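Here is what each chain is made of, one letter per residue.
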Amino acid sequence: MALGKEEAEDMEIVKARTDKREYKRIVLPNALQCAASMNVSVGSFSDPDGLEGLAHFLEHMLFYASEKYPLEDSYSKYIIEHGGSTNAFTASDHTNYHFDVNSDCFEDALDRFAQFFIKPLISADATIREIKAVDSENQKNLLSDGWRMHQLQKQLSEEGHPYHKFSTGNWDTLEVWPKEKGLDIRLELLKLYEENYSANLMNLVIYAKESLDKIQSLVEDKFQEIQNNDRSCFSFPGQPCSSEHLQACQILVRTVPIKQGHKLRIVWPITPGILYYKEGPCSYLSHLIGHEGKGSLFYVLKTLGWATALYAGEADGTTEFSFFNVVINLTDAGHEHMQDVVGLLFKYIHLLQQSGVCKWIFDELAAVCETLFHYQDKTPPIRYVVRVASRMPLYPPKDWLVGSSLPSNFSPSVIQTVLNQLSPDNVRIFWESKKFEGQTAMTEPWYKTAYSVEKIPGSMIQEWMLFAPNEDLHLPAPNVFIPTDLSLKDAQEKVKFPVLLRKSSFSSLWYKPDTKFSTPKAFVKIDFNCPFASSSPETEILADIFARLLMDDLNDYAYNAQVAGLHYGISNTDSGFQVTVVGYNHKLRILLETVIEKISNFKVKPDRFSVIKELVVKEYGNLKFQQPYQQAMDYCSLLLHDQTWPWMDQLEVLPHLQAEDLAKFIPLMLSRAFLECYIAGNIERSEAESMILHIEDIFNKGQDPICQPLFPSQHLTKRVIKLERGIDYLYPIEGLNPNDENSALVHYIQVHRDDFTLNVKLQLFTLIAKQPAFHQLRSVEQLGYITVLRQRNDFGIRGVQFIIQSTVKGPGQIDLRVEAFLKMFETRLYEMTNDEFKSNVDALIDMKLEKHKNLREESAFYWREISDGTLKFDRQECEVATLKQLTLQDLINFFDEHIKVGAPRKRTLSVRVYGKLHSCEYTSDKSQQLPPNAVQIEDIFSFRRSQPLYGSFKGGFGHMKL
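Each value, and the rule that gives it
- Residues numbered from 1 in each chain as written.
- Predicted model: local features only at pLDDT ≥ 70, side-chain atom pairs only at ≥ 80, totals over all residues.
- Heavy atoms only, no water.
- UniProt positions renumbered as here; feature names shortened; annotations may be inferred.
- Domains from an automatic or database assignment.
- Contact = heavy atoms within 4.5 Å.
- Buried area = accessible area lost by both parts, 1.4 Å probe.
- Salt bridge = Lys/Arg side-chain N within 4 Å of Asp/Glu carboxyl O.
- Polar contact = N/O pair within 3.5 Å; in protein donor to acceptor, adjacent residues only side chain to side chain.
- Helix = DSSP H or I, 4+ residues; strand = E, 2+ residues; numbered from the N terminus.
- Phe/Tyr/Trp six-rings, centres within 6.5 Å; stacked < 30°, edge-to-face > 60°.
- Axes fitted to C-alpha atoms, helices over the stretch in contact; angles between N-to-C directions.
- Parallel < 35°, antiparallel > 145°, perpendicular 65-115°, else oblique.
- Nonpolar A, V, L, I, M, F, W, Y, C, P; charged D, E, K, R; others polar.
- Buried < 20%, exposed > 50% of the residue type's maximum accessible area, 1.4 Å probe, protein only.
- Arc of directions from axis to C-beta.

Looking up the protein in an unreviewed UniProt entry gives the name Insulin-degrading enzyme-like 1, peroxisomal, with the organism given as Salix dunnii. Recorded in UniProt under Cofactor (unreviewed entry), the annotation for the protein is "Zn(2+)".

Colleague: Looking at this structure, how should I read the domain arrangement of the protein?
Modeller: In many analyses, interface size is given as the accessible surface area lost on bringing the parts together. The domain architecture assigned to the protein consists of domain 1 (35-224), domain 2 (251-467), domain 3 (499-709) and domain 4 (720-950). Between domain 1 and domain 4, the residue contacts involve 21 residues of the former and 24 residues of the latter. Together, the buried faces of domain 1 and domain 4 total about 1,900 Å²; carbon and sulfur atoms form 51% of this surface. The shortest N-O distance in the salt bridge between Glu81 and Arg828 comes to 3.0 Å. Where domain 1 touches domain 4, the interface holds eleven residue pairs in polar contact (both at pLDDT 80 or more). Here the side of domain 1 that touches domain 4 takes eight residues from helix H4 (residues 124-141), the largest share from any one element.

Colleague: I tried to follow the packing of aromatic side chains on my own but got confused; where do I start?
Modeller: With the rule as written, the count across this model stands at 47 aromatic pairs. Here a set of aromatic residues connected by ring pairs shows up, and it is made of Phe63, Tyr75, Tyr97, Phe99, Phe106, Phe113, Phe116, Phe117, Tyr193 and Tyr197.

Colleague: Please clarify how the packing of helix H24 (residues 756-780) against helix H29 (residues 888-898) should be interpreted in this entry.
Modeller: Each pair of packed helices gets described by two things: the angle between the helix axes and the distance between those axes. Contact pair H24 / H29: the axes reach a minimum separation of 10 Å and the direction vectors enclose 90°. When the interaxial angle is binned, H24 and H29 end up roughly perpendicular. Between H24 and H29, the residues in contact are Leu758, Lys761, Leu762, Leu764, Phe765 and Ile768 and Asp890, Leu891, Phe894, Phe895 and His898, respectively. Per-class residue counts for the contact of H24 with H29 are eight nonpolar, one polar and two charged.

Colleague: Whenever I open this one, H29 confuses me. Can you help?
Modeller: In an α-helix, one turn spans 3.6 residues, which is why side chains three or four residues apart end up on the same side. Buried residues of H29: Leu888, Leu891, Ile892, Phe894, Phe895 and His898, and no others. Looking straight down H29, one finds that the buried residues subtend no more than 160° of arc, so they occupy a single side. Looking at the packing, one finds that the buried side of H29 touches strand S22 (743-753), H24, helix H25 (811-830) and helix H26 (834-849).

Colleague: Quick question: what am I supposed to make of the UniProt feature "domain: Coenzyme PQQ synthesis protein F-like C-terminal lobe" (unreviewed entry) in the protein here?
Modeller: What UniProt calls "domain: Coenzyme PQQ synthesis protein F-like C-terminal lobe" (unreviewed entry) maps, in this numbering, to residues 767-863. The span residues 767-863 is 61% helix and 19% strand, and its two end C-alpha atoms sit 25 Å from each other.

Right, here's the structure in full:
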């Protein structure tokens, strides 16, 4: 159900043909999970001058407490303990709050949620603490190119426009500067709330299983006390970057990114697409300018070796202004030909002007959009409610579910109007490259991004067009991949779980017909296990380049399939590479067979090899700019996973690899292979078998087959290091980016090899401890914005990990805080009542009984079982049965043996990444005396060699039974 700004009225809401839910100005599914989203039409544009980030800070503060529920963090605690999750985000013109929860607790959860908007408590103590969380959130963004470039675009806009503002907030804007002005930040928060959080600016979406009338009365009861001050929406007419403000348009901005690589962002202010959502001008233009088939701008740039990716579309839009962006990732050669690249873009726009607006292209696009809409996958309730609530202020009620996704009115004049705005006279070009270091004179104030600005009159771009190469730019051909047969196959067997349909010495085929989703879609995964692909850093990087080159070579053919809702991917894995095809089944086999054919007779093109190698060198080199917590997680995996290579080794061998090396490697890699296959969805058993037989014919038949079967000794297994009981392993290391002030800790507790009883005990511990850990380590101690407790599963070896990133304390200190939390939690667990325990067990059972939403989600679950070798397809049912037998004492015993600080059988690994602010602690922590049960790891690979391994579930070919 959705409640709009005025009384609900009877009207037909446009919904997908496959959507069986009922709507009363919106949504009723039958589900175990319920969800709600409140969209408030107040965002960062409403920040008072000089209080940047106040609206975002207010969003944080509403989570703390309310007059009705004054206990701090009790809302989040209730949601998490009842199998749910909760979050919020602040945009320029709205703020969205949302949660999901097990359905039997929905009413109580909704009551707590409603208090955000009725009577929140914004205590002085919590206010000061939460400024630190906002500051920590900002700290993690400071070295992110995405955030930096977005703020630079805002910086170079009209100063009086709210778009110009900094919206996140930090310690200075929310603590230091207000104090200097004599402002009380808590009073400013209350003022912003009271003046803007008015019922008439709120839109609520409820997703629940009760009757619509019951939901309506529930909402009226819970939300009736929200004040209605009859506020009008924040409005600021006019473009922030219009041609009247010449300092904002006709500019070329050179800027220095953090990461290696060159990028062009070409931006035009345009009429907001939302004003013409039925005509879809931006959908039409982004479809053509962003096309990747033959004759497209990207195809030409790629053929010239100048670009590796191109995106085109509307961005940053409100109802009053918007931008059309073309973002092009350049190669080194493309960087040298920037003027030609821009010239070719304007040539393509000129082609669109010359061709006129084509009805057949609009009709084709409308047909694709209609199919995508009517056969869309169901999404998790929490994502669904956010999407609908965000649309409610923008669209009339009948289009709340549709939004802009169904262009239906062909209007050449509307499309032409927006096309005319993509002119040289109001363009903004942002050109990013490390090569501009030392050549810029200006600094953006919030992120300290270095940049320079140069005026470029339209006449100069006309010149670039004139001198750009004469390439064959043309409109796309009709899309042959649009499905026309959307009928459902009759699944003769109503199988509940995947079955092993066939196996040979070359392959195994798991098959699962769709008995649940009733959509004309299928999922195919072909996993090539190639022992020669992972025998060294060189072979692994060659396998990676091979997978990328395949995608590169297929792109101009298969791009149309992606447009039509048939997606494919080829990616390298620890043991070779895998092909995935998912989408409408009608033409899936045509695409799959083309991909397989390409693999079997692939020829390395030296020019494309050079382009992809250059891209891979940059990508691997940029890994040092990952967030410190991501680095810590990578080190953790490297310490635990046997026979894996560090990316630094791969980066070292990369420069020496040539096209000839890959040409020699491919036949060797494919010479021994075993294919593990999974086919699911709207596909019959005989069709699934014939697909795999066709693949075997290509690879395994003939006088001189491409692939031979694996020897029994070659079947690859994924083995995990078995940490020693009673030992705390430490791995301290300095962060890879010397400019990053953040440090990070991954505190990992290894528990067991996949087993239903131990699994549910670990899951229950994590469920119960998750929110208290967040409350103590983030809300109270304010260690850092990223503070997470979650399970970890390495190929069936299970444990739990704390992940914390901080500028406040070094990793050694954070480790002590984690141990202090576990001691505190111990007391709480021992004092837990049987009723509390049962409530948590029930919540976990409800989470496990939640059904898969769509074919992709179901396939990911079953593929994980196949890939890990665990093959426990009935895992959820078995774990529910185990949970029902569990007692509180069982959980306490589990905690005492595996988790409790100092437990003699506990296995712990702490990965500590030291950032710039804590580099001195790195030296002192490394040299300090360790307790007797602690071992410091000096070298990852010596450590791995010296440790025993868990047995793999992937016993090879022999572990499968027909």
